[in-house]
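Examination of the molecular architecture
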Amino acid sequence: MNLIIAGIGGQGVNLLTQIVAQTCRAAGRLCQYTIHKGGAQSLGTVYGELRFFQHPEQILAANIPAGKLDLLIALDTWEALRHLPLAHATTRIWLESEVQPIYIERHQNPANPELLKALEAWSPQWRNYRQQAISQYGDAAMANYLAGLDCLQALEMADSSEFTRLFSKISGKKDIQ
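Basis of the calculations
- Residues numbered from 1 in each chain as written.
- Predicted model: local features only at pLDDT ≥ 70, side-chain atom pairs only at ≥ 80, totals over all residues.
- Heavy atoms only, no water.
- Helix = DSSP H or I, 4+ residues; strand = E, 2+ residues; numbered from the N terminus.
- Buried < 20%, exposed > 50% of the residue type's maximum accessible area, 1.4 Å probe, protein only.
- Contact = heavy atoms within 4.5 Å.
- Areas by Shrake-Rupley, 256 points an atom, 1.4 Å probe, with all protein chains shown as cover.
- Pairing = 2+ DSSP bridges.
- Axes fitted to C-alpha atoms, helices over the stretch in contact; angles between N-to-C directions.
- Parallel < 35°, antiparallel > 145°, perpendicular 65-115°, else oblique.
- Left-handed = near helix turned anticlockwise from the far one by under 90°.
- Nonpolar A, V, L, I, M, F, W, Y, C, P; charged D, E, K, R; others polar.

**Notes on the overall build of the protein**
Helix and strand counts for the protein stand at five helices and eight strands. Along the protein, helices (α) and strands (β) appear in the sequence β-α-β-β-β-α-β-β-β-β-α-α-α when read from the amino end. Looking at the protein as a whole, 42% of its 177 residues qualify as buried. Of the contacts formed within the protein by residues at least 6 apart in sequence, a portion of 59% connects residues at least 24 apart. Accessible surface, the protein as shown: approximately 9,300 Å² in total, 50% of it carbon and sulfur.

**With respect to the sheet that holds strand β3 (residues 45-53)**
The strand order across the open sheet built from six strands is β2-β3-β1-β4-β5-β8, with neighbouring strands paired in mixed fashion. Each edge of the open sheet carries a strand with a single partner, namely β2 (30-37) and β8 (125-127). The average undirected angle you get between the axes of adjacent strands in this sheet is 15°. Summarising the sheet, strand β4 (residues 69-74) and strand β5 (residues 87-96) pair through five bridges and their orientation is parallel. Within β5, the residue paired with A74 across the bridge is L95. Relative to β5, helix α3 (residues 129-137) is tilted by about 40°, and along the sheet it contacts β4, β5 and β8.

**Considering the packing of α3 against helix α4 (residues 143-154)**
At a minimum axis separation of 8 Å, α3 and α4 run at an interaxial angle of 110°. Relative to α4, α3 is oriented roughly perpendicular. Between α3 and α4 lies a crossing of right-handed hand. Residue-level inspection shows Y129, R130, Q132, A133, Q136 and Y137 of α3 in contact with α4, the latter providing A143, Y145, L146, A147 and D150. Its residues assigned to classes, the contact of α3 with α4 shows seven nonpolar, two polar and two charged.

**Comments concerning the pairing of strand β1 (residues 2-8)**
The buried fraction of β1 is high, at seven of seven residues. Of the two faces of β1, the one lined by N2, I4, A6 and I8 and the one lined by L3, I5 and G7 are each fully buried. Sheet analysis places β1 next to β3, joined by seven bridges and oriented antiparallel. The residue of β3 that forms the bridge with G7 is V46. Inspection of the sheet shows β1 paired to β4 by four bridges, in the parallel sense. Bridging from a neighbouring strand, I4 pairs with L72 of β4.

Everything listed here is a matter of geometry and, on its own, says nothing about what the molecule does.
Here it is as structure tokens:
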């Protein structure tokens, strides 16, 4: 099984990838991960690739090959488009539904919704993680926690208590229910 968690700098993709990997390992699932940071500043491309395998002696390359992506969790819709060449016909996708404008050379350009039609072939699960985080926790930064819960669901891991414990410990967010 291959999973990508994608977003932009400042959304907590690095933290979320590490916590999902630790949660899976604590549950006895074998996984390896790598984190890619496209820009050394806020709003740059950031994504984590997690690869799950059956046997300890099975070693996988760090990068997910084209056509082998099983799950995509995207905290930024535009970053989801970047990873579509890795998807196959049955890839499952969860997306932030609040589409952000694109910034080019520090100038805001309006988002082109026509580009998002490429995602429709996968019948993605649209989630407004940001708004739900504000509503539920009073903090938009909790959007990655909610995305992490979707990761666990996609990985068929019903018990989220270890994820919540690790997230609380590592992020410093203490009031998570």
